[in-house]
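# Coordinates in review
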Amino acid sequence: MLAGASNAYWQSRQRLDPATRQQIDESFHRFDEGGKGWLSRSELKFALASMLGYKPSKVEVNIVMHRCPEGPYEGQVDISMFRAYLEEKLSVIDPDDRMRQLFKAFDVRCLGFIGREDLHKVFAKCLPSIPATVIDEIYEEIDTDSDGRVSCRDFEAMLRGRLPV
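Everything quoted here is computed from the prediction, not taken from an experiment. Throughout, a residue's number is its position along its own chain's written sequence, starting from 1. In keeping with the model being predicted, local features are shown solely for residues with a pLDDT of at least 70 and side-chain atom pairs are shown and tallied solely at 80 or more, while totals for entire chains, interfaces and linings include all residues. Side-chain metrics rest on all non-hydrogen atoms present in the structure, leaving aside hydrogens and water.

## Concerning the overall build of the protein chain
The condition is simple: Helix numbering and strand numbering both begin at the N terminus, where a helix is a DSSP run of H or I of at least 4 residues and a strand a DSSP run of E of at least 2. The buried label goes to any residue with under 20% of its type's maximum accessible area, the exposed label to any with over 50%, and the partly exposed label to all in between, with areas taken from a 1.4 Å probe on protein chains only. We call two residues in contact when some of their heavy atoms are within 4.5 Å.
Broken down by element type, the protein chain carries nine helices and two strands. From first element to last, N terminus to C terminus, the protein chain shows the α and β order α-α-β-α-α-β-α-α-α-α-α. The buried share among the 165 residues of the protein chain stands at 29%. Counting contacts in the protein chain only where the partners sit at least 6 residues apart, residues at least 24 apart contribute 46% of the total.

## Focus on the pattern of salt bridges
Under the convention used in this document: One side-chain nitrogen of Lys or Arg within 4 Å of one carboxyl oxygen of Asp or Glu is enough to make a salt bridge.
Within this structure, the stated rule accounts for ten salt bridges. Note that Lys36 is salt-bridged to Glu43, the shortest N-O span being 2.9 Å. Using a relative accessible area of 6% as the deciding quantity, one classes Glu43 as buried. We note a salt bridge from Arg116 to Glu140, for which the minimum N-O separation is 3.8 Å. Note that Arg116 is positioned in helix α7 (residues 116–126) and Glu140 in helix α8 (residues 132–142), a separation of 24 residues in sequence. Judged by relative accessible area, Arg116 falls into the partly exposed class, the value being 33%.

## Thoughts on the packing of helix α3 (residues 41–52) against helix α5 (residues 79–91)
The packing of two helices is summarised by the inter-axis angle and the distance between the axes. To keep things clear, this is the line we draw: Fitted lines through C-alpha atoms give the axes, limited to the stretch in contact for helices. The angle between two N-to-C directions lies from 0 to 180 degrees. Here a crossing is taken to be left-handed if its near helix is turned anticlockwise relative to the far helix by less than a right angle, and right-handed if that turn runs clockwise. Gly is put with the polar residues, along with every residue not named as nonpolar or charged; the nonpolar set is Ala, Val, Leu, Ile, Met, Phe, Trp, Tyr, Cys and Pro, and the charged set is Asp, Glu, Lys and Arg.
Running from N to C, α3 and α5 point in directions that differ by 35°, and their axes come no closer than 12 Å. Of the two possible hands of crossing, α3 and α5 adopt the one that is right-handed. Two secondary-structure elements touch here, α3 through Leu44, Ala47, Leu48, Met51 and Leu52 and α5 through Phe82, Tyr85, Leu86, Lys89 and Leu90. Here the contact of α3 with α5 is built from residues that sort into nine nonpolar, no polar and one charged.

## Notes on α3
Given 3.6 residues per turn, any residue in an α-helix points the same way as the ones three and four places further on. To keep things clear, this is the line we draw: For a helix, the expected span equals 1.5 Å multiplied by the number of residues minus one. To obtain the arc, one takes the directions from the helix axis to the C-beta atoms.
For α3, which comprises twelve residues, the first-to-last C-alpha distance of 16 Å matches the rise-based estimate of 16 Å (1.5 Å per residue) to within 8%. Those residues of α3 not exposed but buried are Glu43, Leu44, Ala47, Leu48, Met51 and Leu52. Seen from one end, α3 has its buried residues packed into an arc of 150°, which puts them on one side. As for α3, its buried residues are in contact with α2 (18–31), β1 (38–39), α4 (58–66), β2 (77–78) and α5. Count one or two residues on from α3 and you reach Gly53, which has phi positive near 85°.

Structure, rendered in structure tokens:
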């Protein structure tokens, strides 16, 4: 069983698309104060946060910093080290994890499904100018089996544009 899990891990590794690689480079240059060609520890924290979507822990920053060569470049993360770390990190992210996180954000009451009330609350916070009638129409469209509950599967189908017509 462990061998299968390991195999699944390696199969889940993805090659990053050119747009993501460009974002990595842009993040590096945005936080490289003075254009010196390397990131300090504090610059690295901000650059990682901009790419990962969360504040990296001290342990995570230390992992990257310890990959730096000793000598005159110690404690300086250049673009190749930054790229290598993020390409490794981003290539093993579960592609469905983002979908689950988004679903949880809409599941306001943490019931495992999105109710009509949940959708109204999310729209009230994010897009308050959308009329309630439009929100109800959206809900009816994504609640494909009309049971008053939008499952994670229904939600994913809606986001991926696979709703039945």
